[in-house]
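# Examination of the molecular architecture
For reference, the chains in residue letters:
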Amino acid sequence: MVLCQLLSRSHFKSQPALFKHEVCFVLGQIGLGKGIQEELIRECIENDEEEDIVRHEALAAAASQSSDEQYLQKFAEHPCPIIRESAQVAIYEIKYWHD
């Protein structure tokens, strides 16, 4: 995807949280599945130094990108409420659309 290719990891990481949040939102909305966009989303989710709002939007995008409940389950008990609840909603969304 052109958007992800334009955003090298080093360039993406240096952007403000609002920009990264919006990129995750767009990736979730267009839902292209596996590939560099999924890697970017997972990197945002897994990065403990990332702003919570970016991780929240990345979790929402992950629900539309794949049906990997097991991956999301790792974050369903996260100590941060926005991460934990976003993961729980993402899991529910996957179950709703795929069951």
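What you see is a predicted model, and the numbers here were worked out from it, not measured in a lab.

Taken as a whole and assessed by the stated rule, the structure comprises three aromatic pairs. Ring centres 4.9 Å apart and planes at 90° place the aromatic pair Tyr96 and Trp97 in the edge-to-face group. On the basis of relative accessibility, which here comes to 53%, the residue Tyr96 falls in the exposed class. Taken together, the aromatic side chains of Tyr92, Tyr96 and Trp97 make up a single cluster linked through ring pairs. Stacked on the ring of Tyr71, the Lys or Arg Arg42 has its end atom at 3.8 Å from the ring centre.

Attention now moves to the packing of helix H3 (residues 17–30) against helix H4 (residues 36–46). For the pair H3 and H4, the least separation of the axes is 11 Å and the interaxial angle reads 135°. Taken as axis vectors, H3 and H4 run oblique relative to one another. The two elements H3 and H4 meet at a crossing, and its hand is left-handed. Here Val23, Cys24 and Leu27 of H3 lie close against H4, whose contacting residues are Gln37, Leu40, Ile41 and Cys44.

Its 18 residues place the ends of helix H7 (residues 81–98) 25 Å apart at the C-alpha level, agreeing with the 26 Å of an ideal helix rising 1.5 Å per residue. Buried within H7 we find Ile83, Ser86, Ala87, Ala90, Ile91 and Ile94. Along the long axis of H7, the arc covered by the buried residues comes to 135°, so they all point the same way. Opposite its buried face, H7 presents the exposed residues Val89, Tyr92 and Tyr96, each directed more than 90 degrees away.

What follows concerns the environment of Ile91. In this structure, Ile91 sits in helix H7. Separated by 22 residues in the primary sequence, Ile91 and Glu69 have C-alpha atoms spaced 5.7 Å apart. Discounting residues that sit within four places of it in the chain, Ile91 has contacts with Glu69, Leu72, Gln73 and Ala76.

With 24 residues, the main nonpolar core has Ile41, Cys44, Ile45, Ala58, Leu59, Leu72 and Phe75 as its most contacted residues. At the level of secondary structure, the elements contributing two or more residues to this core comprise H3, H4, helix H5 (52–65), helix H6 (69–73) and H7. No other element matches the six residues that H5 contributes to this core. Filtering out sequence-adjacent residues up to four positions away, Cys44 remains in contact with Phe12, Cys24, Glu50, Val54, Arg55 and Ala58.

Rules used throughout
Residues numbered from 1 in each chain as written. Predicted model: local features only at pLDDT ≥ 70, side-chain atom pairs only at ≥ 80, totals over all residues. Heavy atoms only, no water. Phe/Tyr/Trp six-rings, centres within 6.5 Å; stacked < 30°, edge-to-face > 60°. Buried < 20%, exposed > 50% of the residue type's maximum accessible area, 1.4 Å probe, protein only. Lys NZ or Arg CZ within 6 Å of the ring centre and 35° of its normal. Axes fitted to C-alpha atoms, helices over the stretch in contact; angles between N-to-C directions. Helix = DSSP H or I, 4+ residues; strand = E, 2+ residues; numbered from the N terminus. Parallel < 35°, antiparallel > 145°, perpendicular 65-115°, else oblique. Left-handed = near helix turned anticlockwise from the far one by under 90°. Contact = heavy atoms within 4.5 Å. Expected span 1.5 Å × (residues − 1). Arc of directions from axis to C-beta. Core = buried A, V, L, I, M, F, W, Y, C linked by side-chain atoms within 4.5 Å.

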